[in-house]
Amino acid sequence: MNIYPAIDLLDGKIARLERGNREAKTIYEIEPVDAVRKFAAAGARWLHVVDLNRAFGDPTSNLAHIRRLTEEASRHGMRVQVGGGLREASDVEAVFVSGAARVVIGTVAAVNPSLMQELLERYGGRLAVAIDARDGEVVVRGWTEGTGRRALDLAGELARMGVRRVVYTDVGRDGTFTGPDTAGAARLAQDMGLPVIASGGVGGLEHIAAAVAARLDGLVVGRALETTKLRRENE
């Protein structure tokens, strides 16, 4: 199982939100490029980057910062997957040009199946889909809007379309250290027959162990790394 250390970018800085609430944010002093070096030194093979500005529909893009992160990651043999607010084909292309190995599509997958199919035909396995859910309902546009659709139903549709990997987040757990919804992620993996990466709420080594036991493809770890919570529990 791959561990995906996460860098969420807000105005070029590393930020963490609690339950996706932009008003409940923490900005960290460490420079994003320095964080990449730290993760590489710890043995990470992948990096998970989210453009929070784009996710919330802001005109400001962190694309230049993302390019610097992908370049630094490449120097250390790491690959980068990028998501957040990529709702046009041109947005996806720009992120690939910036050096991303994989792009994560969220809102488009839930509300624009024709564009999603077009992207799949063009990029295939270089795409993953983010299924973000609150109480089982898929939420979009930076987790600010409900869709009335159930995560399992959307997952089935996406599998039939040809999606090859999913990043699943229980929004209510994100940034809380209470643990990701590994059971929900495992259920998606079983129903879809696809690799699933879980995200949201990792707070301790026991949560990583649970993801391994559930045979998940990967686990995104964010806020716990900045707080050194994982390191303290392992000391």
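Throughout, residues of each chain are indexed from 1 in the direction in which the sequence is written. Confidence filtering applies because this is a predicted model: local features only for residues at pLDDT of at least 70, side-chain atom pairs given and counted only at 80 or more, and all residues used for totals across whole chains, interfaces and linings. Side-chain calculation: all heavy atoms of the structure are included, whereas hydrogens and water are not.

1. Here's the deal with the packing of aromatic side chains
Note on ring pairs: Phe, Tyr and Trp rings are taken, using the six-membered ring of Trp, and paired if centres are within 6.5 Å. Classes follow the plane angle, with under 30 degrees stacked, over 60 edge-to-face and the rest tilted. Under the criterion given, the structure shown has two aromatic pairs. An angle of 35° between the planes, with centres 5.7 Å apart, marks the rings of Tyr4 and Trp46 as tilted. Here the residue Tyr4 occupies a position in strand β1 (residues 2-10), and Trp46 occupies one in strand β4 (residues 46-51), the gap between them amounting to 42 residues. Considered together, Tyr4 and Trp46 belong to a single accessibility category, that of buried residues. Aromatic side chains Phe96 and Tyr123 sit 4.7 Å apart centroid to centroid with 35° between the ring planes, which places their arrangement in the tilted category. Secondary structure elements are defined from DSSP: runs of H or I of at least 4 residues count as helices, runs of E of at least 2 residues count as strands, and each element is numbered from the N terminus. The rule is simple: take the accessible area with a 1.4 Å probe, protein chains only, and divide by the maximum for that residue type; under 20% is buried, over 50% is exposed, in between is partly exposed.

2. Concerning unusual backbone geometry
Phi at Asp11 is positive, roughly 55°, even though this residue is not glycine. Assignment of secondary structure puts Asp11 in the loop between β1 and β2 (13-18). Overall, Asp11 belongs to the exposed group, its relative accessible area being 52%. In this structure, Asp135 is a non-glycine residue whose phi angle is positive, near 55°.

3. Things to note about the pattern of salt bridges
Every case where a carboxyl oxygen of Asp or Glu lies within 4 Å of a side-chain nitrogen of Lys or Arg is listed as a salt bridge. Inspection of the entire model under this criterion finds 11 salt bridges. The salt bridge partner of Lys13 is Glu31, with a shortest N-O separation of 3.5 Å. One end of the pair, Lys13, is in strand β2; the other, Glu31, is in the loop between β3 (21-27) and α1 (32-41), with 18 residues separating them in the sequence. On the basis of relative accessible area, Lys13 is assigned to the partly exposed category, the value being 38%. Among the residues examined, Glu31 registers a relative accessible area of 39% and is labelled partly exposed. The salt bridge partner of Arg173 is Asp170, with a shortest N-O separation of 3.2 Å. What makes Arg173 partly exposed here is its relative accessible area of 27%. Here the salt bridges do not stand alone but share partners, grouping Asp34, Arg37, Glu72 and Arg75 into one network.

4. Here we look at the pairing of strand β10 (residues 166-170)
When a strand is regular, its side chains alternate between the sheet's two faces. Of all five residues in β10, five are buried, a share of seventy percent or more. Of the two faces of β10, the one lined by Val166, Tyr168 and Asp170 and the one lined by Val167 and Thr169 are each fully buried. In this scheme, strands are said to pair when DSSP sees at least two bridges between them. Relative to β10, strand β7 (residues 127-134) runs parallel, the two sharing five bridges. Within β10, the residue paired with Ile131 across the bridge is Tyr168. Taken together, the four bridges between β10 and strand β11 (residues 196-199) define a ladder with parallel strand orientation. Bridge pairing links Val167 to Ile197 in β11. Convention used here: a crossover is right-handed provided that the path from the first strand, over the helix, to the second strand proceeds clockwise when the strands point away from the viewer. In this view, the connection linking β10 to its parallel neighbour β11 by way of helix α8 (residues 182-192) has right-handed handedness.

5. Digging into the environment of Gly162
Within the element layout of this structure, Gly162 appears in the loop between α7 (151-161) and β10. On the accessibility criterion, Gly162 (34% relative accessible area) is partly exposed.

6. Details of the side chain of Asp170
Topologically, Asp170 is positioned in strand β10. On the basis of relative accessible area, Asp170 is assigned to the buried category, the value being 16%. Of note is the side chain of Asp170, whose polar atom sits 3.1 Å from the backbone nitrogen of Gly172. Throughout, a contact is declared for two residues whenever any of their heavy atoms are within 4.5 Å. Excluding residues that lie within four positions of it along the chain, Asp170 makes contacts with Ala133, Asp181 and Ser199. Whenever a nitrogen or oxygen atom comes within 3.5 Å of another N or O atom, the pair is scored as a polar contact, on the condition that within protein one atom can donate a hydrogen and the other can accept it, and that pairs from neighbouring residues in sequence are kept only if both atoms are in side chains.

7. Regarding the pairing of strand β12 (residues 218-221)
Of the two faces of β12, the one carrying Gly218 and Val220 and the one carrying Leu219 and Val221 are both buried. In this sheet, β12 lies alongside β1 in parallel orientation, the contact comprising four bridges. Along β12, the bridge assignment pairs Tyr4 with Val220. Taken together, the three bridges between β11 and β12 define a ladder with parallel strand orientation.

8. Digging into the confidence of the model for the protein
For every residue, the predictor assigns a confidence score, pLDDT, that lies between 0 and 100. Counting all residues, the mean pLDDT for the protein is 89, and 92% of those residues have values of 70 or more. Long-range and interchain partners of residues 228-235, a stretch whose pLDDT sits below 50, account for 16 contacts in this model, where long-range means more than four residues apart.

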